[in-house]
Structure formats: structure tokens, C-alpha cells
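Here's the letter readout for the chains.
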Amino acid sequence: MMQRTARFLFCFSLLTSCLLGSPLMAADKEPAKADKPTIVTFGDSTTATRGPLVVYSMLLQKDLPAAGVPVKVVNSGIGGHTTHQAVGRFKKDVLQHDPDLVVIQYGINDSAVDVWRDPPATQSRVSVKQYAANLRNMIKQLKEKQVAVILMTPNSLRWIPRLKKLYGKPPYDPEDVQGFNVLLKSYAAAVRKIAKEENVPLVDVYAAFENYDKQANQAADDLLLDGMHPNTQGQRMVADLLLPHIKAALTKQDR
């Protein structure tokens, strides 16, 4: 009698597992991807959150759903970082979010020559050659996972007294309005070249800031908080430049 009861319980348990799915079988299944596409914004302090400033990733999180494009935006910007540190944290701060789209913007810290040090630095923190290699490295990883990518050039810079005190030595020229961009412009050019060769969308923030500066009664200083970081108006400009590219990239993925 006990044997028949045991067999009955075993068969009933097996039938229930087949009909309802056992906990083990459910655990073996890969989790379903979130309904909302995930966008990771990856960069330095021009991307990172900055006190009460509403940065472009926050604007994307608000504007895209309002335009009928529900998304989750993850801001993985960290102030002071170069592409060297970016490559080192790429898996943890980008890939682990399982993104559908990644926006990458670096360059200001990479190009910096720390002439304020004692003794003064004579080379950029990251050479333009290594900078380009680091960007290509990250793009390659994203393409392998079929993740869309948008590259952004760094924004251009302007002198303020504090920056002149820190960086007002060769190779920089504190007497020239463009003297703080003397190296940065070559890093922006590298991003343009990579975007073309890798066939990825480009948002040319550097050019947008410079074009704004050329208009009557306007100056690039109007877009900057402290000579380096975009202010509210500058962040709004960056978001507006990104929005059509993001919509196009997500639409392309849905096909």
C-alpha cells in the first residue's frame, strides 16, 4: 500500500511539473528583456550628473517618452575620466546594463596636458592615437553584441580666469580665444573619422558649439557653465542634437 501511494505521489508531482513548469525549469530560462529600450550615456564630466544641473541624459529620459518613445536612460558618466578608464569599466558600467543603444562622448580629459603640475606635463593624458584605439575597442564590443552606438565629439572650450591660471602655458595660448582648444580639436577630428569608418552615427557637439559662436550676438561662452562643462542651454543643445539620431537608431532596431 505504501509503495502504491509513493508511486502515485511521484506521478502526480511529475504531471504537475510538466503542466505548470517546475521552479528549476523556470530558473533555467533567460530573463525576458525589458519592454523599454535601454540607453546608456557613457562619458566624462560633461555627461555625468552635476549637482542641480539638468544634464542631457535627464532631458532624453523626459523628451523621448513624451515623443512616444518609452526608454530607460542610464547615465554612466564619471567626471575626470579618459577613454583609458572607460575601457576598464566598460563591462561593468555599460554592458551589464544590457543596452540597446550607447552614446559615447570623451575627449576633454584625454587631450589635457597638465601644465599645472610640478614639473609640468608635456604630453596629453591619452595620446590621440590611443584615444582612437580605445573608442574603436568599445565600438567593436558593442557591434559584436548588436548594440547600436552613437559617437559624440567633445564640446569646445573657452578661457575663464581660473582655467588661464591652471592651463595658461604652452602648448596652450591664453591670448587666443581658441587657445584652450589647440589639442582638443584634433581629438574631435579623430571622432569624426572613426564615425565615418565604423559607419556609426555622429553628433558633432564641437562643431555645433563653434557654429553657435559664429552667429551674431552669440558666443560659445553662453553654452558653458565654467569654460568647460555645458550649462543648461548647452545641455539642451546636446539633447536636441541627439534626439533624432536616437529615434532613428531605435526604429532601425525594431525592423
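Residues numbered from 1 in each chain as written. Predicted model: local features only at pLDDT ≥ 70, side-chain atom pairs only at ≥ 80, totals over all residues. Heavy atoms only, no water.

1. Brief notes about the pattern of salt bridges
Right, so step 1: With the rule as written, the count across this model stands at 14 salt bridges.
Right, so step 2: Arg-125 is the salt-bridge partner of Asp-114, the closest N and O atoms lying 2.9 Å from each other. Residue Asp-114 is found in the loop between α6 (108-111) and α7 (128-144), and its partner Arg-125 is found in the loop between α6 and α7; the two are separated by 11 residues along the sequence.
Right, so step 3: Three or more residues joined by partner-sharing salt bridges are found here, namely Arg-136, Lys-143, Glu-197 and Glu-198. (Salt bridge = Lys/Arg side-chain N within 4 Å of Asp/Glu carboxyl O. Helix = DSSP H or I, 4+ residues; strand = E, 2+ residues; numbered from the N terminus.)

2. As for the layout of surface pockets
Right, so step 1: As a volume, the largest pocket reaches approximately 350 Å³.
Right, so step 2: Every residue lining the largest pocket is counted, 17 residues in all, and those nearest its centre are Ala-148, Val-149, Pro-201, Ala-249 and Lys-252.
Right, so step 3: Secondary-structure elements contributing two or more residues to the lining of the largest pocket are α7, β4 (148-152) and α11 (232-254).
Right, so step 4: Sort the elements by how many residues they give to the lining of the largest pocket and α11 lands first, with six residues.
Right, so step 5: Residues that form the lining of the largest pocket fall into these classes: 11 nonpolar, four polar and two charged.
Right, so step 6: Reported here for the second largest pocket is a volume of approximately 190 Å³.
Right, so step 7: In terms of lining, the second largest pocket is formed by 16 residues, of which the most central are Ala-112, Arg-125, Tyr-167, Phe-180 and Met-228.
Right, so step 8: Every element with two or more residues in the lining of the second largest pocket is listed here: α6 and α8 (161-167). (1 Å grid on protein atoms, 1.4 Å probe; cavity = no way out; pocket = protein on both sides within 12 Å on 5 of 7 lines; lining within 4 Å. Points joined across faces, edges and corners; volume = space filled by probe spheres on them. Nonpolar A, V, L, I, M, F, W, Y, C, P; charged D, E, K, R; others polar.)

3. What about the sheet that holds strand β3 (residues 101-105)?
Right, so step 1: Strands sit in the order β2-β1-β3-β4-β5 across an open sheet of five strands; the sheet is parallel. Pairing within the sheet leaves two strands with one partner each, and these edge strands are β2 (72-75) and β5 (202-203).
Right, so step 2: Pairing of β3 with β4 involves five bridges; the strand directions are parallel. Pairing of Leu-101 across the sheet is with Ala-148, part of β4.
Right, so step 3: With respect to the sheet, helix α3 (residues 56-66) is in contact with β1 (38-43), β2, β3 and β4, its orientation differing from that of β2 by roughly 175 degrees.
Right, so step 4: In this fold helix α9 (residues 184-198) packs onto β4 and β5, with an angle of close to 155 degrees to the strand it touches most, β4. (Pairing = 2+ DSSP bridges. Contact = heavy atoms within 4.5 Å. Axes fitted to C-alpha atoms, helices over the stretch in contact; angles between N-to-C directions.)

4. Re α7
Right, so step 1: The end-to-end C-alpha distance of α7, which contains 17 residues, comes to 24 Å, matching closely the 24 Å that a straight helix rising 1.5 Å per residue would cover.
Right, so step 2: Buried within α7 we find Tyr-131, Ala-132, Asn-134, Leu-135, Met-138, Ile-139 and Leu-142. Buried residues of α7, viewed axially, fall in a sector of 160 degrees; they line one side. Opposite the buried face of α7, by more than 90 degrees, sit the exposed residues Lys-129, Lys-140 and Glu-144. (Expected span 1.5 Å × (residues − 1). Buried < 20%, exposed > 50% of the residue type's maximum accessible area, 1.4 Å probe, protein only. Arc of directions from axis to C-beta.)

5. Side note on the pairing of β1
Right, so step 1: Most of β1 sits inside the fold, with six of its six residues counted as buried.
Right, so step 2: Along β1, one buried face is formed by Thr-38, Val-40 and Phe-42 and the opposite face, lined by Ile-39, Thr-41 and Gly-43, is buried too.
Right, so step 3: Once the chain exits β1 it traverses α3 before rejoining the sheet at β2, and the crossover so formed is right-handed.
Right, so step 4: Both β1 and β3 contribute to a ladder of five bridges, which runs parallel. By the bridge assignment for β3, Phe-42 is matched with Ile-104. (Right-handed = clockwise from strand over helix to strand, strands pointing away.)

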